[in-house]
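The chain contents come next:
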Amino acid sequence: MTVITSNQHAFDISDFNLWYGSSQALFHINMEIPRNKITAVIGPSGCGKSTMLKTLNRMIEMVPNVNTSGSIKYNDNDIFSKGQMVEELRTHVGMVFQKPNPFPKSIYDNVAYGPRIHGIRKKKILDEVVEKSLRDAAIWDEVKDRLNQNAYGLSGGQQQRLCIARCLAIEPDVILMDEPTSALDPISTLKVEELIKELKDKYTIVIVTHNMQQAARISDKTAFMLNGELVEFTDTDTLFSNPKDKRTEDYITGRFG
Ligand SMILES: Nc1ncnc2c1ncn2[C@@H]1O[C@H](COP(=O)(O)OP(=O)(O)O)[C@@H](O)[C@H]1O
Ligand SMILES: [Mg+2]
């Protein structure tokens, strides 16, 4: 489902701060995440990439003692406002994790899981959703003859594309990906990268990666974070060819990381 809004940004983040207990992890983040584009978030380990990503669908609230200030709007709605239901936010904002995490169920049941939770019971409709999601995740041809086999029998790269299919089956608007290829071999990585590029026609994608080449290959915009701050956020080509901030330059030229 495409969410109709005149705002070209999926997310508007302003002066956002986040603390784990008394330790501040994000500092004054201002960022507008464009719709139907791929936004990459790069930066050294521990700089706050995953924290920022997990905040966008409020997964961060699973961690006790997290406090925030500032605002994050998704389609012009404050994601932290009292009226905003977490479940609804997460049907619009899906997530794919670092390690493929299929359920110990059949390939079919993995993809049908979300739609079933949303009350879809008719086999014909489920069949259609499963096929469409697997096709859109570029894995249908590899699994169509073994839909009832356990997902654990797939390779790592196939499992990750299955997890993307599972995410697509709930018809999200935004897909958050936290280092989705870091557990994959180079060939599977390229397949998943190709897939991500195809998905941006229909979805807004935010991908965390510690692989700068990956960010350069697939993203439209890149955010560079350091020590919980957003140092620079601009067009990917510009960030890699003509960074404004000395810290960005040092990072992309490999002076630290
Ligand atoms: N659950 C947590 N509890 C306390 N501190 C955390 C937790 N998760 C992350 N942090 C801290 O927040 C900072 C940012 O971490 P993270 O967002 O995971 O960084 P990145 O994804 O860029 O490696 C780090 O200093 C990390 O130690
Ligand atoms: Mg991380």
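Above: the structure in question.
All figures in this text were calculated on a predicted structure; none of them were measured in a lab.

1. As for the layout of surface pockets
The method is simple in principle: a probe with the dimensions of a water molecule rolls over the atoms, and the space it marks as empty is what remains.
Okay, so step 1: Of the voids in this model, the largest pocket is the one considered here, and its volume is about 630 Å³.
Okay, so step 2: Arg 90, Phe 103, Tyr 113, Arg 166 and Ile 170 are the residues nearest the centre of the largest pocket, which is lined by 21 residues in total.
Okay, so step 3: Counting residues per element, the ones that place at least two in the lining of the largest pocket are helix H2 (86–92), strand S6 (93–96), helix H3 (107–117) and helix H6 (156–168).
Okay, so step 4: Broken down by element, the lining of the largest pocket gets its largest block of residues, four residues, from S6.

2. Concerning the packing of H6 against helix H7 (residues 186–199)
Okay, so step 1: For the pair H6 and H7, the least separation of the axes is 9 Å and the interaxial angle reads 20°. With respect to H7, the axis of H6 lies roughly parallel. In the packing of H6 onto H7, the handedness of the crossing is right-handed. Side by side, H6 and H7 meet where Gly 157, Arg 161, Ile 164 and Leu 168 of the first sit next to Ser 188, Lys 191, Val 192, Leu 195 and Leu 199 of the second.

Calculation notes
Residues numbered from 1 in each chain as written. Chains lettered and ligands numbered in written order. Predicted model: local features only at pLDDT ≥ 70, side-chain atom pairs only at ≥ 80, totals over all residues. Heavy atoms only, no water. 1 Å grid on protein atoms, 1.4 Å probe; cavity = no way out; pocket = protein on both sides within 12 Å on 5 of 7 lines; lining within 4 Å. Points joined across faces, edges and corners; volume = space filled by probe spheres on them. Helix = DSSP H or I, 4+ residues; strand = E, 2+ residues; numbered from the N terminus. Axes fitted to C-alpha atoms, helices over the stretch in contact; angles between N-to-C directions. Parallel < 35°, antiparallel > 145°, perpendicular 65-115°, else oblique. Left-handed = near helix turned anticlockwise from the far one by under 90°. Contact = heavy atoms within 4.5 Å.

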